[in-house]
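# Analysis of the macromolecular model
For reference, the chains in residue letters:
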Amino acid sequence: MTEAKVRVDEVMGEIERDVRARLRRHLLKKGGAADYEDQEIFDAVHALLSRAVDGRDLDATLLPELVDGDVDWRLQTHLNLSTHRPAATGRFILFAKKKLLLPLTRWLFEYSQENFRRQDRLNRILFVCIEELALENARLRRSLETTASAPAGKPAR
Amino acid sequence: MKLACVVHRYGADIAGGSEGHCRLIAEHLAAHHDVTIVTTCAKNHITWANHYPAGETHERGTRVLRFPVARERDMRRFMDLSDLIAADRATPDEQEQWFRENGPDAPELLEHLRRHGAGYDRVLFWSYRYADTYFGLPLAAQRAVLVPTAEEDPVIHVDALEAFFARPKGFLFLTPEEQALVAARMPGGTPSAIIGSGLDPAPAASDLSSLDALGLSDPFVLYLGRIDPNKGCQTLIRHFLRYVEGGRPVQLVMAGPASMPIPDHPRIRPLGFVDEAVREALLRKARALIMPSPYESLSMVLLEAWNHGLPALVNARCKVLRGQVERADGGLYYSSAIEFIAGLDYLLDHPDAARQLGRQGLAYVDRQYRWPIVLEKIDALLAQVGHESL
């Protein structure tokens, strides 16, 4: 039996529209932004944030480059044991940290490390979101300036 | 041709993706070529502890040379370096050290390539991330073909790979997405082919009685493979529990060895490792395959599901999975819990459309992934590499 082809892009288009509508209703019900009453505004916000979360490389953003000069913003998720003590004392302290203290506190370290990793990812997503908003703002500003500088009566291109 | 296939571990009882891919390709190439597998004695992919005896054996038409692992993996050192790589903070030395710590550390394997590499017509290396390939490929670069099995994870972006990807004389990719990922780092004009993996047609009928004793309820959706947080299984379980909270009477069957806790819930049924008969029956009886993995270079399980006419619901954040589903028109994808719920609803509420998606997946496998098609592409690439570089 041959059945009509089911096109994934069409089905996904329907599903994504339905999901956005459900999400909008859910947010409004929970007291989300009143602007979401307007489906078009909601869709525009959804598209911008989705682009930030799904479409961008989290390691290629401008803000971290600017912040990096002043603050070490990345969460350090690996453990680096060190001591300022010299020679034999230092070696003994490092040995004690690695072989005695670390095994005792490893459960806490691993629990924290996992949360640090999550927070680190979230930070990078937020950087991308901010950059997407800044990009949108820059594009709008340029479009506005072009419109303003166009001769009266002739629409800007 | 006299071919060597270099892979980090090898054996019929090893379930890993790239190892399984290597074994299938090598066994099929052995019908027309003289194939030697160059590998380690390791079976465990975490520790690399020696398991198989060192030396030469003959397995399913191939000669297998196993070399001992000199040092097991130190997971703490490896994780620390992985964090540096993920944070894009690793120095060139630390990047190289990452490959060393990832292992397997098999100096005799490298020595074999150094001394005898020129004795093979072509040397195929699987998975750029493992030490045997990363340090071994330069020793046989003149005749090297790389099967990178690259995924979109932080390691693929390390600077050290710029020089490494310039070495092979040819590339065999698993998907167009993987090719695009590596192409940006390899010299233009290097011969390459997208081969995926080969499959034989599934048996026309299966014995479903092996499922009786398992007490599965109908309908069920299937996860097949290693149950591991890195494979997206934590997220899958979270999404699925949210799905069944809505009252849908569906079960999630998870078949594969578990390396994470699975919640004790009446709608989740972990089966552990299953044999071929059960696997076959599960693929026949399930309503859909769920593939939650965020990183894949090719999902063999997805191809297997389509080989049985089973539609799939895959993680859209993995470009490879989404690309496979879109090219095949063989399933749906999700990038959030709410899309997971909507996608699963669609597959369960539209059984005719779901079956059609499965059939379209099968037609795609017939077009792209039957053995004669795959072997023809490999042979053409091996001939091209020889013509251009040797």
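Here is what the cut-offs are and how they apply
Residue positions are given per chain, counted from 1 along the sequence in the order it is written. The naming scheme follows written order: chains are lettered A onward, ligands numbered 1 onward. Only residues with pLDDT of at least 70 are given local features in this predicted model, and only at 80 or more are side-chain atom pairs given and counted; all residues enter the totals for whole chains, interfaces and linings. No hydrogens and no water enter the side-chain calculation; it runs on all heavy atoms of the structure. With a 1.4 Å probe rolled over the protein chains alone, any residue whose accessible area is under 20% of its type maximum counts as buried; one over 50% counts as exposed, and the rest are partly exposed. Strands are runs of DSSP state E lasting at least 2 residues, helices are runs of H or I lasting at least 4, and numbering of each runs from the N terminus. In this scheme, strands are said to pair when DSSP sees at least two bridges between them. Orienting the strands away from the viewer, one traces the path from the first strand over the helix to the second; a clockwise path indicates a right-handed crossover. Here, the term nonpolar core denotes a set of buried Ala, Val, Leu, Ile, Met, Phe, Trp, Tyr and Cys residues that are joined through side-chain atoms within 4.5 Å. Throughout, a residue-residue contact means that at least one pair of heavy atoms, one from each residue, lies within 4.5 Å. Fitted lines through C-alpha atoms give the axes, limited to the stretch in contact for helices. The angle between two N-to-C directions lies from 0 to 180 degrees. Each angle receives one of four descriptions, namely roughly parallel if under 35 degrees, roughly antiparallel if over 145, roughly perpendicular if within 65 to 115, and oblique otherwise. Left-handed describes a crossing whose near helix is turned anticlockwise from the far helix by less than a right angle; the clockwise case is right-handed. When residues are sorted by character, Ala, Val, Leu, Ile, Met, Phe, Trp, Tyr, Cys and Pro go into the nonpolar class, Asp, Glu, Lys and Arg into the charged class, and all the rest, Gly among them, into the polar class.

### So, the pairing of strand 7 (residues 170–173) of chain B
Residue and element names in this part refer to chain B.
- In strand 7, alternate side chains face the same way, and those of Gly170 and Leu172 on one face and Phe171 and Phe173 on the other are all buried.
- With two bridges joining them, strand 6 (residues 144–147) and strand 7 adopt parallel strand pairing. Of the residues in strand 7, the one forming a bridge with Leu146 is Phe171.
- Pairing geometry for strand 7 and strand 8 (residues 192–194), over three bridges, is parallel. Opposite Phe171, over in strand 8, you have Ser192 as the bridge partner.
- Each parallel crossover has a hand, and the one from strand 7 via helix 7 (residues 176–183) to strand 8 is right-handed.

### Topic: the nonpolar core
Residue and element names in this part refer to chain B.
- Counting residues in hydrophobic clusters, the biggest one holds 98 residues, and the most contacted among them are Phe240, Leu282, Leu289 and Phe340.
- Take this core: its biggest share by element is eight residues, from helix 12 (residues 337–349).
- Apart from the residues lying within four places of it in its own chain, the contact partners of Leu282 are Leu211, Leu216, Phe220, Leu222, Val253, Ala255, Leu271 and Val274.
- The next biggest cluster of nonpolar side chains, apart from the first, holds 40 residues, and it includes Leu81, Leu109, Leu113 and Phe171.

### Thoughts on the packing of helix 2 (residues 39–54) of chain A against helix 4 (residues 87–149) of chain A
Residue and element names in this part refer to chain A.
- Interaxial distance between helix 2 and helix 4 falls to 9 Å at its minimum, and their mutual angle equals 130°. With respect to their mutual orientation, helix 2 and helix 4 come out oblique. Pair helix 2 / helix 4 crosses with right-handed handedness. Counted together, Leu48, Leu49, Arg51, Ala52 and Val53 of helix 2 and Ile125, Val128, Cys129, Glu132, Leu133, Glu136 and Arg139 of helix 4 form the full contact between these two elements.
- Partitioning the contact of helix 2 with helix 4 into residue classes produces eight nonpolar, no polar and four charged.

### Brief notes about the sheet that holds strand 3 (residues 55–59) of chain B
Residue and element names in this part refer to chain B.
- Judged by pairing direction, the sheet is mixed, and its eight strands sit side by side in the order 3-4-2-1-5-6-7-8 without closing on themselves. Edge strands, defined here as strands with exactly one partner in the open sheet, are strand 3 and strand 8. The average undirected angle you get between the axes of adjacent strands in this sheet is 20°.
- Judged from the five bridges that link them, strand 1 (residues 2–6) and strand 2 (residues 34–40) form a sheet pairing that is parallel. Looking across to strand 2, one finds that Ala4 is bridged to Thr36.
- The sheet strands contacting helix 1 (residues 17–29) are strand 1, strand 2, strand 4 (62–67), strand 5 (122–126) and strand 6, and the helix crosses strand 5 at an angle near 155°.

### Observations concerning the sheet that holds strand 10 (residues 251–255) of chain B
All names here are of chain B.
- If you trace the six strands from one edge of the open sheet to the other, you get 11-10-9-12-13-14, paired in parallel fashion. Each end of this open sheet is capped by a strand with a single partner; those strands are strand 11 (268–272) and strand 14 (331–334). Pairwise comparison of adjacent strand axes, ignoring direction, gives a mean angle of 25° for this sheet.
- As defined by bridge partners, strand 13 (residues 312–315) adjoins strand 14 across four bridges and the pair is classed as parallel. The residue of strand 14 that forms the bridge with Ala312 is Gly331.

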